[in-house]
Amino acid sequence: MSESANPFESLQSQIDEAASYLEIDDDVIERLKHPERVLETNLTVELDDGSLERFKAFRSQFNGDRGPYKGGIRYHPQVSRDEVKALSGWMTYKTAIVDIPLGGGKGGIVVDPDEYSESELERLTRAFAKELRPMIGEDRDIPAPDVNTGQREMNWIKDTYETLENTTEPGVITGKNLASGGSEGRVEATGRSTVIAAREAFDYLGKDLEGATVAVQGYGNAGWIAAKLIDEMGATVVAASDSSGGIYNPDGFDPVAAKNHKNETGSVVGYPESEEELTNDEVLTLDVDLLIPAALENAIDGDLAEDVTADVISEAANGPLTPEADRVLESEDVFVIPDILANAGGVTVSYFEWVQNRQRFYWTEQKVNAELEEVIVDAFDALVETIEENDLDNPRTAAYVVAMQRVADAFDEAGSFP
Ligand code: NAD
């Protein structure tokens with residue numbers, strides 16, 4: 001793993017790269033590079049032993065020109081102001097490339113949740129929700145789960161907000177469980193968009209997905225669903241990894257059985273259909289048609305990228321390639337479907353959740369999946385059009401070109417106040 005890039009600098013360099021293909025004034029580009037506002041707050045929470053502990057927390061509202069800010073809340077010891085700012089920027093361009101009427105935001109608490117009890121985490125989450133209350137709301141800013149947060153935390157935030165506001169407003173947050181107003185199809189959405197985008201890329205490149213070999217790095221929610229769905233599309237999943245290591249079978253294996261093995265034992269390692277155990281790096285550099293990185297950011301740095309042999313990469317994870325790896329893979333003509341498109345299924349179905357909450361009318365899973373399919377295919381078509389119009393080699397740059405133009409148009413049409 002990785003030269004560790006400052007994520008906010010990475011975001012800004014991606015924006016600069018795309019800006020050279022756009023006819024947007026420099027002063028507007030400057031706006032597109034910075035968050036509109038960042039809340040930095042200290043939460044004082046009572047622990048189970050009666051003592052008090054202070055936790056630093058952030059919420060960045062990057063851009064609201066296309067709609068309310070939207071983005072997750074993560075709990076991690078490495079959460080920082082710059083990381084939250086960068087992630088909120090990526091959300092802005094993610095909602096723009098898939099053309100859903102939302103802006104970008106992100107939040108986080110500097111905490112290792114494994115070190116605290118459930119009741120401590122509940123008090124911490126409710127303390128953060130109290131701080132967030134004036135700035136969130138279904139028409140202002142709509143948080144969601146991210147690293148180490150899930151339906152439980154979302155339900156606490158919703159309850160705190162609704163109690164303080166004396167209302168019912170399920171659309172204030174997404175990623176809730178079904179009983180609290182969640183959406184069908186949300187859990188599978190990220191893996192689903194990752195493989196829809198891969199299928200479209202194979203079609204665009206004139207490659208056959210039937211029988212194509214696939215390696216999946218990271219066998220959590222996004223990765224294992226992607227493995228299951230790409231297998232259903234006729235591809236052959238030959239390798240997978242998690243934090244304990246990797247498995248490989250050149251003839252392919254059953255992704256569902258591998259997941260069941262992981263559920264039972266804690267890891268894919270030791271799965272009986274595996275012929276060979278691989279290291280995490282070996283899974284990333286395996287000679288396959290499609291690589292799906294679905295673990296953490298900066299998984300592939302410039303050095304490792306030299307050894308990557310996949311033809312297509314669909315980024316289920318956020319930021320799995322360092323900027324240097326991106327340059328290496330571009331020079332080697334690897335078609336990289338950028339995270340802001342490939343994993344946008346998560347935020348797209350969050351958007352559907354919000355729509356359903358506002359309508360108080362809930363969709364079937366079939367309808368959710370059909371609508372998601374249309375959104376991702378349209379986004380991929382816009383990407384290809386921009387690649388061809390600008391003769392671009394890097395699909396990531398093309399994605400930013402599409403997304404930044406949409407944000408800039410919304411700003412331009414609204415004008416500036418005051
Ligand atoms: P998860 O926690 O369910 O799964 C992560 C997996 O990665 C685990 O299996 C873990 O063992 C594995 N892992 C960790 N380090 C590894 C390493 N060095 N090598 C191989 N595997 C490793 O998380 P998730 O929800 O699947 O998210 C994965 C990525 O997808 C993250 O980057 C996340 O930001 C991104 N993402 C997720 C969603 C979503 O809806 N879940 C939406 C958008 C983006």
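Residues numbered from 1 in each chain as written. Predicted model: local features only at pLDDT ≥ 70, side-chain atom pairs only at ≥ 80, totals over all residues. Heavy atoms only, no water.

Trainee: I'm lost on the pattern of salt bridges in this one. Help?
Mentor: Two side chains carrying opposite charge are able to pair once their charged atoms lie near each other. Under the counting rule described, the total for this entry stands at 34 salt bridges. Residue Glu-138 pairs with Arg-358 through a salt bridge whose shortest N-O separation is 3.6 Å. With Glu-138 in the loop between helix H4 (118-132) and strand E5 (141-145) and Arg-358 in helix H13 (residues 345-359), this residue pair connects regions lying 220 residues apart in the sequence. Take Arg-358: its relative accessible area is 36%, and that puts it in the partly exposed class. Look at the salt bridges and you will find they share partners, linking Arg-74, Glu-83, Lys-106, Asp-146 and Glu-297 into a network. (Salt bridge = Lys/Arg side-chain N within 4 Å of Asp/Glu carboxyl O. Helix = DSSP H or I, 4+ residues; strand = E, 2+ residues; numbered from the N terminus. Buried < 20%, exposed > 50% of the residue type's maximum accessible area, 1.4 Å probe, protein only.)

Trainee: Where do I start with the packing of helix H14 (residues 365-390) against helix H15 (residues 395-414) in this structure?
Mentor: The geometry of a pair of packed helices is captured by two quantities: the angle between their axes and the separation between those axes. It is at 9 Å that the axes of H14 and H15 come closest, and there the two elements cross at 105°. When the interaxial angle is binned, H14 and H15 end up roughly perpendicular. From H14, Ala-382, Leu-383, Thr-386 and Ile-387 reach across to H15, where they touch Pro-395, Ala-398, Ala-399, Val-401, Val-402 and Arg-406. Looking at the contact of H14 with H15 residue by residue, the class counts come to eight nonpolar, one polar and one charged. (Axes fitted to C-alpha atoms, helices over the stretch in contact; angles between N-to-C directions. Parallel < 35°, antiparallel > 145°, perpendicular 65-115°, else oblique. Contact = heavy atoms within 4.5 Å. Nonpolar A, V, L, I, M, F, W, Y, C, P; charged D, E, K, R; others polar.)

Trainee: When you look at helix H8 (residues 255-265) in this model, what are you seeing that I'm missing?
Mentor: Given 3.6 residues per turn, any residue in an α-helix points the same way as the ones three and four places further on. Restricting attention to buried positions, one finds in H8 the residues Pro-255, Ala-258, Lys-259, His-261 and Lys-262. Along H8, the residues classed as buried sweep out an arc of 155° about the axis, all on the same side. The outward face of H8, more than 90 degrees from its buried face, is lined by the exposed residues Asn-263 and Glu-264. Capping the start of H8, Asp-254 holds a side-chain oxygen 3.0 Å from the backbone nitrogen of Val-256, two or three residues further along. Positive backbone phi, approximately 95°, marks Gly-266, located one or two places after H8. (Arc of directions from axis to C-beta. Polar contact = N/O pair within 3.5 Å; in protein donor to acceptor, adjacent residues only side chain to side chain.)

Trainee: Explanation requested: the packing of aromatic side chains in the structure shown.
Mentor: The relative placement of two aromatic rings is captured by the distance of their centres and the angle of their planes. Within the structure shown, the criterion is met by ten aromatic pairs. Within the aromatic cluster, the residues linked to one another by ring pairs are Tyr-351, Phe-352, Trp-354 and Trp-363. (Phe/Tyr/Trp six-rings, centres within 6.5 Å; stacked < 30°, edge-to-face > 60°.)

Trainee: Sorry, what's going on with the UniProt feature "binding site: NAD(+)" (unreviewed entry) in the chain here?
Mentor: When the UniProt feature table is mapped onto this chain numbering, "binding site: NAD(+)" (unreviewed entry) sits at Thr-190 and Asn-221. For the residues just named, distributed over 32 residues, the greatest C-alpha separation is only 8.2 Å, placing them together at one site. Structurally, Thr-190 is set in helix H6 (residues 189-205). When sequence neighbours within four positions are dropped, the list of residues in contact with Thr-190 reads Ala-222, Ala-316, Ala-342, Asn-343, Gly-345 and Gly-346. (UniProt positions renumbered as here; feature names shortened; annotations may be inferred.)

Trainee: Is there a simple way to explain the sheet that holds strand E2 (residues 52-63) in this structure?
Mentor: Each strand in a sheet pairs with its neighbour through backbone hydrogen bonds, running either in the same direction (parallel) or in the opposite one (antiparallel). A sheet is described by the order of its strands in space; here five strands give the open sequence E1-E2-E4-E3-E5, paired in mixed fashion. This sheet does not close on itself; its edge strands, each paired only once, are strand E1 (37-46) and E5. Strand-to-strand twist in this sheet, taken as the mean axis angle between neighbours without regard to direction, amounts to 20°. Looking at chain direction, E1 and E2 are connected through ten bridges and run antiparallel. Within the sheet, the bridge partner assigned to Glu-40 lies in E2 and is Phe-58. (Pairing = 2+ DSSP bridges.)

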